[in-house]
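These are the residues of each chain, in order.
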Amino acid sequence: MRSLLFSPKTSFSSSSPSSSDSPSRFAASSPWRSYSDMATDRSLELTEPLIVKWNIDTSLETLFAGNRREAVEFVKCVNNLRKGMHLMDMEMESKKSDKMIRAENLMQIAMKRLQKEFYLILTMNRAHLHPESISARSSRRTSAASRLSMSDYEEEEEEEDDSVSIGDEWTTAIADLRMIAECMIASGYAKECLKIYGTIRKSIVDEEIYKLGVEKFTSSQIQKIDWNTLDLRIRNWTNAVTPAVKTLFNGERILCDQIFAIGDQIRESCFADITKGGAMILFAFPEKVAKNTKKKAEKGLCALDMYAAIANLWPEIDSIFSSKSTNPIKPQAITSLIKLSEFIRAAVDDFESFILKDSSRKGAAGAGIHQLTIDAMDYLTYLADYTNILPDIFTESEPTKSVPGSFEHTESPSPPISVKISWLILSVLCKLDAKASHYRDVSLSYLFLANNLQYIIGKVRTSNLIYLLSEEWISSHEAKVKQFAANYQRLGWNHVMESITAAEITPEKIRENFQKFNSSFKEAYDKHCACVVPDNKLRDQIKIALAKMIVRPYREFYNMNVVKVMENEKYPASIVRYAPEDVGHHLSDLFFGDQSSPWSSPSKFQRCTS
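Residues numbered from 1 in each chain as written. Predicted model: local features only at pLDDT ≥ 70, side-chain atom pairs only at ≥ 80, totals over all residues. Heavy atoms only, no water.

1. Points about the packing of aromatic side chains
Piece 1. Per the stated rule, a full pass over the model turns up 20 aromatic pairs.
Piece 2. Ring plane angle 70 degrees and centroid distance 5.4 Å describe the contact between Phe249 and Phe321, whose orientation is recorded as edge-to-face. Here the residue Phe249 occupies a position in helix 11 (residues 227-259), and Phe321 occupies one in the loop between helix 14 (314-320) and helix 15 (329-356), the gap between them amounting to 72 residues.
Piece 3. Residue class for Phe321 comes out buried when judged on its relative accessible area of 0%.
Piece 4. Centre to centre, the rings of Tyr446 and Phe484 are 6.3 Å apart; their planes meet at 40 degrees, and the pair counts as tilted. On the criterion of sequence distance, the pair formed by Tyr446 in helix 19 (residues 442-461) and Phe484 in helix 21 (residues 471-493) is long-range, its members being 38 residues apart. (Phe/Tyr/Trp six-rings, centres within 6.5 Å; stacked < 30°, edge-to-face > 60°. Helix = DSSP H or I, 4+ residues; strand = E, 2+ residues; numbered from the N terminus. Buried < 20%, exposed > 50% of the residue type's maximum accessible area, 1.4 Å probe, protein only.)

2. Digging into helix 19
Piece 1. Between the first and last C-alpha of helix 19 there are 29 Å, a value that for 20 residues agrees with the 28 Å anticipated at 1.5 Å per step.
Piece 2. The element helix 19 is extensively covered by neighbouring structure, given that 15 of its 20 residues are classed as buried. (Expected span 1.5 Å × (residues − 1).)

3. Details of the packing of helix 8 (residues 169-186) against helix 11
Piece 1. Packing of helix 8 against helix 11 brings their axes to within 8 Å, and their N-to-C directions diverge by 55 degrees. The orientation of helix 8 relative to helix 11 falls into the category oblique. The segment helix 8 lies against helix 11, with Ile174, Leu177, Arg178 and Ala181 engaging Leu255, Gln258 and Ile259.
Piece 2. Broken down by class, the residue content of the contact of helix 8 with helix 11 amounts to five nonpolar, one polar and one charged. (Axes fitted to C-alpha atoms, helices over the stretch in contact; angles between N-to-C directions. Parallel < 35°, antiparallel > 145°, perpendicular 65-115°, else oblique. Contact = heavy atoms within 4.5 Å. Nonpolar A, V, L, I, M, F, W, Y, C, P; charged D, E, K, R; others polar.)

4. Concerning the confidence of the model for the chain
Piece 1. With 81% of its residues at a pLDDT of at least 70, the chain reaches an overall mean of 83.
Piece 2. Across residues 139-167 the pLDDT falls below 50, and counting only partners more than four positions away or on other chains, this stretch makes 50 contacts in the model.
Piece 3. Across residues 402-410, confidence stays below pLDDT 50; counting only partners more than four residues off in sequence or on other chains, it has 17 contacts. (pLDDT = per-residue confidence, 0-100.)

5. Describing the packing of helix 11 against helix 12 (residues 264-292)
Relative orientation and spacing of two packed helices are given, respectively, by the angle between their axes and the distance between those axes.
Piece 1. One way to put it is that helix 11 packs onto helix 12 with a least axis distance of 10 Å and a crossing angle of 165 degrees. Between helix 11 and helix 12, the angle is such that the two are roughly antiparallel. Crossing geometry of helix 11 relative to helix 12 is assigned as left-handed.
Piece 2. Broken down by class, the residue content of the contact of helix 11 with helix 12 amounts to 17 nonpolar, two polar and six charged. (Left-handed = near helix turned anticlockwise from the far one by under 90°.)

6. Thoughts on helix 9 (residues 190-211)
Structural remark: α-helix, 3.6 residues per turn; residues separated by three or four positions point the same way.
Piece 1. Between its terminal C-alpha atoms helix 9 stretches 31 Å, which fits the 32 Å expected from 22 residues at 1.5 Å a residue.
Piece 2. Of the residues making up helix 9, those classed as buried are Ala190, Cys193, Ile196, Tyr197, Gly198, Ile200, Arg201, Ile204, Val205, Glu208 and Ile209.

7. Looking at unusual backbone geometry
Piece 1. Not every positive phi belongs to a glycine, and Ala367 is a case in point at roughly 60 degrees.
Piece 2. Structurally, the position occupied by Ala367 is in the loop between helix 15 and helix 16 (371-384).
Piece 3. Accessibility expressed as a relative area gives 2% for Ala367, which makes it buried.

8. Some thoughts on the environment of Trp54
Piece 1. Mapped onto the elements of the fold, Trp54 is located in the loop between helix 3 (31-53) and helix 4 (68-91).
Piece 2. Residue classification places Trp54 among the buried residues on the basis of a relative accessible area of 6%.
Piece 3. Spatially, the C-alpha atoms of Trp54 and Phe74 are 8.8 Å apart, while their sequence positions differ by 20 residues.
Piece 4. In contact with Trp54, not counting residues within four places along its chain, are Ser59, Glu61, Thr62, Leu63, Glu70, Phe74 and Arg113.

9. Regarding the side chain of Asn125
Piece 1. Counting through the fold element by element, Asn125 comes out in the loop between helix 5 (98-124) and helix 6 (131-140).
Piece 2. Not counting the four nearest positions on each side in its chain, Asn125 is found in contact with Leu120, Glu169 and Ala173.

10. Side note on the pattern of salt bridges
Piece 1. A full pass over the atoms with the stated rule returns 31 salt bridges.
Piece 2. Between Arg178 and Glu182 there is a salt bridge whose closest N-O contact spans 3.1 Å. Pair noted here: Arg178 and Glu182 are both in helix 8, with a separation of four residues, about one helical turn.
Piece 3. On the accessibility criterion, Glu182 (22% relative accessible area) is partly exposed.
Piece 4. The partner of Glu471 in a salt bridge is Arg461, with the nearest N and O atoms 3.7 Å apart. With Glu471 in helix 21 and Arg461 in helix 19, this pair connects stretches of sequence that are ten residues apart. (Salt bridge = Lys/Arg side-chain N within 4 Å of Asp/Glu carboxyl O.)

Okay, structure coming up:
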């Protein structure tokens with residue numbers, strides 16, 4: 001207390017006051033003024049040596065990289081100097097005092113030092129302060145630096161250790177940056193502090209955006225890029241957007257929150273300045289693609305990838321860019337979603353046109369799966385992989401359409417996307433029905449329809465299409481497959497059994513019936529041996545049905561009459577060419593088609609991203 005009230009430079013004489021010391025002089029100086037003067041004098045005396053010691057014009061050493069106890073003491077001195085200057089400012093009447101000028105000079109020296117230290121900590125700890133490192137660490141624990149305040153440093157100062165350690169270099173760097181930032185901002189040097197921070201961190205953000213393969217494009221550039229090149233750019237973007245949001249922007253958000261915890265406005269403004277440029281480039285790309293690319297069916301899959309990327313990251317985007325300072329970023333992301341939605345709907349309409357404009361009359365080889373069926377179902381299964389976002393894209397039901405053909409439009413589920421999918425499949429089925437009519441053999445028409453409808457059902461069952469349609473839809477169409485298969489068996493094989501009877505007949509009739517069976521079975525087998533049934537279940541069902549229809553009755557006829565043939569015919573082998581086992585073996589060899597060549601070509605539609 002004595003050191004505050006009495007300056008060591010002040011001496012008092014034991015003699016009485018001189019005549020020049022009048023009572024009026026003491027009356028003009030209040031006790032508060034005297035206390036304030038002595039306090040500011042004392043503040044200057046205590047702070048000046050340490051501040052001058054670390055003048056960047058005379059000292060090339062780094063403060064925070066050396067004795068951290070002294071670094072904390074330096075910041076305390078600056079804070080005390082600021083408080084003293086506040087007192088002087090309150091007392092200053094018109095002209096600056098010499099003490100104020102002296103204090104301001106010291107403050108400038110201190111701020112230059114802190115600016116340099118702030119810059120050095122940011123640059124020397126670039127690896128520790130990398131967004132990936134920050135995001136990973138912050139996801140595992142609550143940062144000690146985010147809770148560290150000046151009082152924590154004051155407590156550490158009482159310990160014997162010469163350094164302040166809060167865990168590791170990462171947390172130490174953040175704590176030092178926060179301490180310097182709070183001191184500079186409180187001292188009126190926020191602009192200088194934010195400029196250093198913004199310059200360094202923005203360069204990191206821009207560099208990371210570039211490394212992720214995200215580039216800035218104008219609309220005219222997008223229009224001039226060929227599709228293969230643009231497809232590659234889209235792949236780069238879809239691979240980049242998740243690390244950009246979850247790692248890069250999230251890491252910068254965490255770092256800003258920890259270093260500039262002193263004020264919301266400063267923190268948000270700083271974060272916006274650092275990330276706005278990179279974020280706008282990132283989220284503007286999908287909009288430009290959607291607005292400047294031809295809306296073709298296959299390109300809609302790429303648009304779905306981009307839409308899904310933004311939609312799945314929306315909770316993070318909404319949280320990271322929640323302030324008014326970052327206001328343009330979220331609206332840009334929303335605009336991209338809207339434009340992508342329009343693009344996807346137009347692309348699906350183009351896919352529908354692709355189906356309806358198909359004018360080929362040629363059926364599939366061996367009554368197998370038509371290429372239209374493969375292309376259409378591949379596209380629809382790709383669409384169904386986005387069941388979580390499709391309801392947001394297809395929000396309105398289309399007017400009911402009637403399609404001529406043998407397939408009646410069954411009641412569709414209520415969601416608009418389900419109605420759309422059901423309609424597209426119906427369009428495919430109607431096209432297939434028209435193609436089936438061009439087979440010369442009607443039985444092959446039904447086998448063709450059975451194969452293709454079974455393929456469609458299989459795709460629905462093994463993909464997310466099952467969630468967009470329903471079990472009822474599957475059951476009703478499985479019934480149609482059975483009907484088609486039954487018609488194929490009846491029209492393609494019934495004539496084989498016309499000569500088979502269980503009644504007692506004459507030897508001449510037995511010979512005639514065996515010969516008719518031989519010729520009709522060979523004719524049917526030769527006609528159908530090139531047919532293919534790719535679905536194992538359907539193939540087995542047809543074979544079992546044919547075995548019941550042919551083998552079992554033929555076995556009874558054979559067992560009843562073969563002895564008579566052996567007894568009455570000179571050359572029985574020419575009459576009985578097939579044993580029941582032979583018939584069964586022939587039937588079991590059916591429906592594998594031509595194994596030397598594939599029965600289908602690669603799909604027209606491929607995913608945009610791998």
